[in-house]
Amino acid sequence: MKLILKRTLLPSLMAASLAGVSLAPMQPASADDRVLRDAAVGAGAGIVTGAITGCRSVLGNAINGAAAGAAVNGANGLRNRRAARQGNIIQDVAVGSGAGLVTGAVTGNCRGRTLKNVINGGAAGAAVHIIRNNTR
């Protein structure tokens, strides 16, 4: 039960701290060795996708992508080990899109254009999925 709570709460706490509200220290977030890497991959993908979609805020795009990466990490942590190893790109893109939508609404990224935030989050989720499956 404690492990499930950690895997459920840590990605959202990481996303909140990246958004500028520090709710948890960074040390507990390193419990999953891939959460920081996934957030960094998501941030990079968010910046690139934001430039393509026309969202001009680099910081907002990085926050959006990092939150999507952390959310995908959390979704992968909730699956059993076999399913997490195989991965599911549709689920990762959906989780990233949802996280991009919520983060964009909270931060006001892309001037409230919901579809662009969803696309940015989905692309970050896909990037995390691809990197995760190629580095095993």
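All of the points below concern the structure found in this document. What you see as residue numbers is a count from 1 along each chain, following the sequence as written. Only residues with pLDDT of at least 70 are given local features in this predicted model, and only at 80 or more are side-chain atom pairs given and counted; all residues enter the totals for whole chains, interfaces and linings. With hydrogens and water set aside, each side-chain value is computed from the structure's full complement of heavy atoms.

Focus on the overall build of the chain
Working definition: helices are DSSP H or I runs of at least four residues, strands are E runs of at least two. Numbering for both runs from the N terminus. Looking only at helices and strands, the chain has 7 helices and 0 strands in total. Each helix (α) and strand (β) of the chain, taken in turn from the N terminus, gives the series α-α-α-α-α-α-α. Exposure categories follow from relative accessible area, calculated using a 1.4 Å probe and restricted to protein chains: below 20% of the type maximum is buried, above 50% is exposed, and the middle band is partly exposed. Put simply, the chain has 136 residues, and 41% of those count as buried. Of the contacts formed within the chain by residues at least 6 apart in sequence, a portion of 67% connects residues at least 24 apart. Summed over its atoms, the accessible surface of the chain is roughly 7300 Å², and 65% of this surface lies on carbon and sulfur atoms. Note on contacts: a residue pair qualifies if any of its non-hydrogen atoms lie within 4.5 Å across the two residues. Only the protein chains shown count as cover for residues, and all accessible areas are computed by the Shrake-Rupley method using a 1.4 Å probe.

Focus on the nonpolar core
Grouped together as the largest cluster of nonpolar side chains are 5 residues: Ala 45, Ala 68, Ala 99, Ala 124 and Ala 127. For Ala 99, the contacting residues outside a window of four places in its chain are Ala 67, Ala 68 and Ala 71. Nonpolar cores are built from buried Ala, Val, Leu, Ile, Met, Phe, Trp, Tyr and Cys residues. Side-chain atoms within 4.5 Å join them into one set.

Section: helix 6 (residues 89-107)
Each helix should span, by expectation, one fewer than its residue count multiplied by 1.5 Å. Its 19 residues give helix 6 an end-to-end C-alpha distance of 26 Å, which sits within 8% of 27 Å, the value for a rise of 1.5 Å per residue. Structurally, the start of helix 6 carries an N-cap: the backbone nitrogen of Ile 90 is 3.2 Å from a side-chain oxygen of Asn 88. Gly 108 occupies a position one or two residues after helix 6 and carries a positive phi of about 75°. Definition of a polar contact: a pair of N or O atoms within 3.5 Å, with one able to donate and the other able to accept a hydrogen when the atoms are protein atoms, and with sequence-neighbouring residues admitted only if both atoms are side-chain atoms.

Observations concerning the pattern of salt bridges
Any carboxyl oxygen of Asp or Glu within 4 Å of a side-chain nitrogen of Lys or Arg constitutes a salt bridge here. Summed over all chains, the structure comprises 2 salt bridges. Here Asp 38 ties to Arg 132 by a salt bridge, and the two come within 2.9 Å at their closest N and O atoms. Of this pair, Asp 38 sits in helix 3 (residues 35-53) while Arg 132 sits in helix 7 (residues 114-134), and the two are 94 residues apart along the sequence. Through salt bridges with shared partners, a single network forms among Arg 37, Asp 38 and Arg 132.

Digging into the packing of helix 6 against helix 7
Two numbers describe how helix 6 lies on helix 7: the axes approach to 6 Å, and their chain directions differ by 140°. With respect to their mutual orientation, helix 6 and helix 7 come out oblique. When you trace helix 6 past helix 7, the crossing you get is right-handed. The residues of helix 7 that touch helix 6, namely those facing Ile 89, Asp 92, Val 93, Gly 96, Ser 97, Gly 100, Leu 101 and Gly 104, are Thr 114, Asn 117, Val 118, Gly 121, Gly 122, Gly 125, Ala 126 and His 129. For the contact of helix 6 with helix 7, the residue count by class is 5 nonpolar, 10 polar and 1 charged. Axis geometry follows a simple rule: fit a line to the C-alpha atoms, using only the stretch in contact for helices, then measure angles between N-to-C directions, giving values from 0 to 180 degrees. With respect to orientation, any angle under 35 degrees is reported as roughly parallel, any angle over 145 as roughly antiparallel, any angle of 65 to 115 as roughly perpendicular, and every other angle as oblique. The handedness criterion is simple: a crossing whose near helix is rotated anticlockwise from the far helix by less than a right angle is left-handed, and one whose near helix is rotated clockwise is right-handed. Residue polarity follows a fixed list, in which Ala, Val, Leu, Ile, Met, Phe, Trp, Tyr, Cys and Pro are nonpolar, Asp, Glu, Lys and Arg are charged, and the others, Gly among them, are polar.

Side note on the side chain of His 129
Structurally, His 129 is set in helix 7. By relative accessible area, which is 9% here, His 129 ends up buried. In this structure the side chain of His 129 is engaged in a polar contact, spanning 2.8 Å, whose partner is the side chain of Asn 133.

Some points on the side chain of Ser 97
Along the polypeptide, Ser 97 turns up in helix 6. Looking at Ser 97, the relative accessible area reads 16%, which means it is buried. Of the polar contacts made by the side chain of Ser 97, one reaches the backbone oxygen of Val 118; its length is 3.5 Å. The contact partners of Ser 97, leaving out residues within four places of it in the chain, are Val 118, Gly 121 and Gly 122.

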